[in-house]
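For reference, the chains in residue letters:
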Amino acid sequence: MKIKDKKNIKDLFIGLDEEVCTSDGHWMNTINFDNAATTPPIKSSIEYIEKLSNTYASIGRGTGQKAEITTNLYKESKNFLMNFFNIKDKEKYVVIYVNNTTEGINKLAKTLMREPNDIILTSRMEHHSNDLPWRNRGKVEYIEVDENGRLNIEDLEKKLKANYNKVKYVSLTGASNVTGYINDIHLIAKIVHKYDCKLIIDGAQLVPHRRLDISGKSEEEQIDFLVFSSHKIYSPFGVGVIIGLKEDFIDVDPDYFGGGTVDLVLDNEVTYLPPPEKNEAGTQNFLGIMALINSLTVINTIGYDYIEKQEHILLTHTINGLKSIPKIINYGDTKDISDRLGITTFNVENMYHHDVAQILANKKGISVRHGWFCAHPYCRRLMNATEAEAKEFLKNPEKKMLGMVRISFALYNSIDEVNIFLNVIEDICIGKIKL
C-alpha cells in the first residue's frame, strides 16, 4: 500500500466527513479532538475484515481449509507485532491478545504479583488502568511528579534504592493521556534493571504516535512488558495486546480458565499449555486482531516521522493560540513542549469544564474530553487542588467535580480545525458565546 498524497490523508478514515446538526440548526462536519480516548477506524481495515469474513473459522484445532487460513493468519499476526516493535530475540517474548489495555494490565497484575510483600512501583501520572489493578494485588509505591507534571526520575531511583529486593516490577505510562509528556522509557529501563526489576510500559497513548523499539540499543534498555489498545490506533473491535517476557508466565496458573488453555484435563488434574496459549482462554477476536494488523501496516506506510511532525505543528499552534487568549488556564509545561504528544489541557476562568466542552460541540461540532480523564491523582496535582477540595462534590450537591478540558490530536487533524477551535474559545472568553 502506497500513500502518495498526504494532503488527502483524511480519505483513509471512516466518519471524518460525517455531518452533525449544531444548536443553531446548521449541519457541518465534525472535528474530532478526542483522539486520546478513541480514534476513528481506517477504511481499509474494515474492508480487510469484510474480506476475511469469507474464510473466518475457529483458531486452533479445527480441521478444514478455512480454519487453517484463520489459524495461520492469527499466528502470523503475532510475528508481525514482534517485528513491528523490533524484538530481536523472539524466543524470549510472547504476544497475548486481550480486549484492551485495562484488561492487559489487570492480567499482568494477577499474573506477576505473587508474594504479599512484593511492591509494585508506579507513578502519580498514571491512568487509573495502570494504578487501580495494582492496588488490588499488593503494596504500591508511587513515584511523584514535578511542578510541571513530569515524572520525577530522581524519585524513581530513590524508591528503587529504598525498596531494593522488594520491588520486582515498575509499571509506568509511556506517555501521559493528560499532558502528553513522553517518558524516556529506555533511560527508565536502564535504571529499573540496575535494581534487578522489570519494566512494564502502558503504551496506550505512546504506540499510536511514536515508534517504539522494545529491544532498545542494549539489553539494559529493553522493555520487558508492553501493553496497548487497538481502539487508539485507528482500529475498532476491542483488541488489546500484551507483549512480555515468556519466563514470567511459565510457572503461573492463568487468570482465566477454560477452552484453549489446557493440554489435558483429568478428573482431578489439569495440565496447562505453555504461554501464550494458556493465557488466551476462549475464542479469540480474530477479525479485531486482523483489523489492528492492517491499521498498523497503514501507520507504517504513513510513517511515524510524518505523524510526529504533523502533531507537533498542531500542538505548537494550539498552545500558542491558547496562551494568547485571556482567561485561559493552561496545565503542564507550555514553554518546552519538545517531549509532549499532541495533547493539551486547559480551563476557562470561572467556567465549568463541561460547559466549555458543551459549547464547542453545540456551536461547531468539536469533540473534546472534559473531567479528570481517568487520572484523578495526576490532574489534582496539576490543578494544585487538595484531596478535600477534590471530594467536596461527593457530599455537597451545590459543588461540581473539578476538571479540565482536553484536546488530543491524530495524524488527520489540521491547522484549519485548530483555528476554528481557537476562534470558539476566544468567543467564549470574551462572552460572545454562552451555553
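Our structure's up above, just so we're on the same page.
My aim in this report is to walk through the structure given alongside it, one point at a time. Just so it is clear, the model here is predicted, and its values are computed rather than measured. (Residues numbered from 1 in each chain as written. Predicted model: local features only at pLDDT ≥ 70, side-chain atom pairs only at ≥ 80, totals over all residues. Heavy atoms only, no water.)

1. A short note on the overall build of the protein chain
Moving on, step 1. Within the protein chain, the regular secondary structure consists of 14 helices and 17 strands.
Moving on, step 2. Dimensions of the protein chain along its principal axes, counting C-alpha atoms only, are 70 × 55 × 45 Å.
Moving on, step 3. Buried positions account for 52% of the 435 residues belonging to the protein chain.
Moving on, step 4. Counting only contacts in the protein chain whose residues sit at least 6 apart along the sequence, the fraction spanning at least 24 positions is 72%.
Moving on, step 5. Entry remark: accessible area of the protein chain is about 20,200 Å², with carbon and sulfur atoms responsible for 48%.
Moving on, step 6. Charge centroids of the protein chain, computed over 53 positive and 59 negative side chains, lie 2 Å from each other. (Helix = DSSP H or I, 4+ residues; strand = E, 2+ residues; numbered from the N terminus. Buried < 20%, exposed > 50% of the residue type's maximum accessible area, 1.4 Å probe, protein only. Contact = heavy atoms within 4.5 Å. Areas by Shrake-Rupley, 256 points an atom, 1.4 Å probe, with all protein chains shown as cover. Lys, Arg positive; Asp, Glu negative; His and termini not counted. Charge placed at Lys NZ, Arg CZ, Asp CG, Glu CD.)

2. As for the pairing of strand β17 (residues 404-408)
Moving on, step 1. Buried residues dominate β17, accounting for five of its five residues.
Moving on, step 2. The alternating pattern of β17 places M404, R406 and S408 and V405 and I407 on opposite faces, both of which are buried.
Moving on, step 3. By the bridge criterion, four bridges tie strand β14 (residues 343-348) to β17 in an arrangement that is antiparallel. Opposite T344, over in β17, you have I407 as the bridge partner.
Moving on, step 4. Across three bridges, strand β16 (residues 369-371) lies against β17 in antiparallel orientation. Across the sheet, residue H370 finds its bridge partner in β17, namely V405. (Pairing = 2+ DSSP bridges.)

3. Thoughts on a negative patch on the surface
Moving on, step 1. Together, D11, D17, E18 and E19 line one region of the surface with negative charge.
Moving on, step 2. Checked against the element boundaries, D11 lands in the segment before β1 (19-21). (Patch = residues over 30% accessible without salt bridge, like charges linked within 9 Å, V, L, I, M, F, W, Y side chains within 5 Å. Salt bridge = Lys/Arg side-chain N within 4 Å of Asp/Glu carboxyl O.)

4. Brief notes about unusual backbone geometry
Moving on, step 1. Of the consecutive residues P275 and P276, the connecting peptide bond is found in the cis state with omega at 10°.
Moving on, step 2. Mapped onto the elements, P276 comes out in the loop between β12 (270-272) and α8 (286-302).
Moving on, step 3. Notably, F237 is not glycine yet its phi reads approximately 75°, a positive angle.
Moving on, step 4. Looking at the secondary structure, you find F237 in the loop between β9 (225-229) and β10 (240-245).
Moving on, step 5. Since its relative accessible area comes to 42%, F237 is described here as partly exposed.
Moving on, step 6. Even without being glycine, C374 reaches a positive phi, approximately 55°.
Moving on, step 7. Note on C374: relative accessible area 38%, which makes it partly exposed.

5. With respect to helix α5 (residues 153-162)
Moving on, step 1. Listed in full, the buried residues belonging to α5 are D155, L156, K159 and L160. Down the axis of α5, the buried side of the element spans an arc of 135°, and every buried residue falls inside it. Counted as exposed and oriented over 90 degrees from the buried face of α5: E154, K158, K161 and A162.
Moving on, step 2. Against β5 (119-123), β6 (139-143), β7 (167-173) and α6 (185-194) lie the buried residues of α5. (Arc of directions from axis to C-beta.)

6. Considerations on the nonpolar core
Moving on, step 1. In terms of nonpolar packing, the biggest core is built from 92 residues, with L81, F85, L160, V170, F228 and I243 touching the most fellow members.
Moving on, step 2. The element that contributes the greatest number of residues to this core is α8, accounting for nine residues.
Moving on, step 3. Both domains that furnish three or more residues to this core are identified here as domain 1 (6-32 + 303-430) and domain 2 (46-301).
Moving on, step 4. In contact with L160, other than residues within four places in its own chain, are L121, V167, V170, I191, V192, Y195 and C197.
Moving on, step 5. By size, the runner-up hydrophobic cluster in this structure holds 25 residues, among which are L314, V356, L360 and I407. (Core = buried A, V, L, I, M, F, W, Y, C linked by side-chain atoms within 4.5 Å. Domains from an automatic or database assignment.)

7. Section: the environment of A189
Moving on, step 1. Looking at the secondary structure, you find A189 in helix α6.
Moving on, step 2. Classification of A189 as buried rests on a relative accessible area of 0%.
Moving on, step 3. As a C-alpha pair, A189 and C21 span 168 residues in sequence and 49 Å in three-dimensional space.
Moving on, step 4. In this view, A189 contacts L199, E220, E221, Q222 and I223; residues no more than four positions away in its chain are not counted.

8. Details of the pairing of β14
In regular strands, side chains alternate between the two faces of the sheet.
Moving on, step 1. Most of β14 sits out of view: six of its six residues are buried.
Moving on, step 2. Burial of the side chains of β14 extends over both faces: I343, T345 and N347 are buried on one face and T344, F346 and V348 on the other.
Moving on, step 3. Strand direction decides the pairing type here: strand β13 (residues 328-331) and β14, joined by four bridges, are antiparallel. Across the sheet, residue I328 finds its bridge partner in β14, namely V348.

9. With respect to the environment of Y97
Moving on, step 1. Residue placement: Y97 occurs in strand β4 (residues 93-98).
Moving on, step 2. Linking Y97 and F286, residues 189 residues apart in sequence, is a C-alpha distance of 9.8 Å.
Moving on, step 3. There is a polar contact of 2.7 Å between the side chain of Y97 and the side chain of S77. (Polar contact = N/O pair within 3.5 Å; in protein donor to acceptor, adjacent residues only side chain to side chain.)

Shape is all these values report; function is a separate question.
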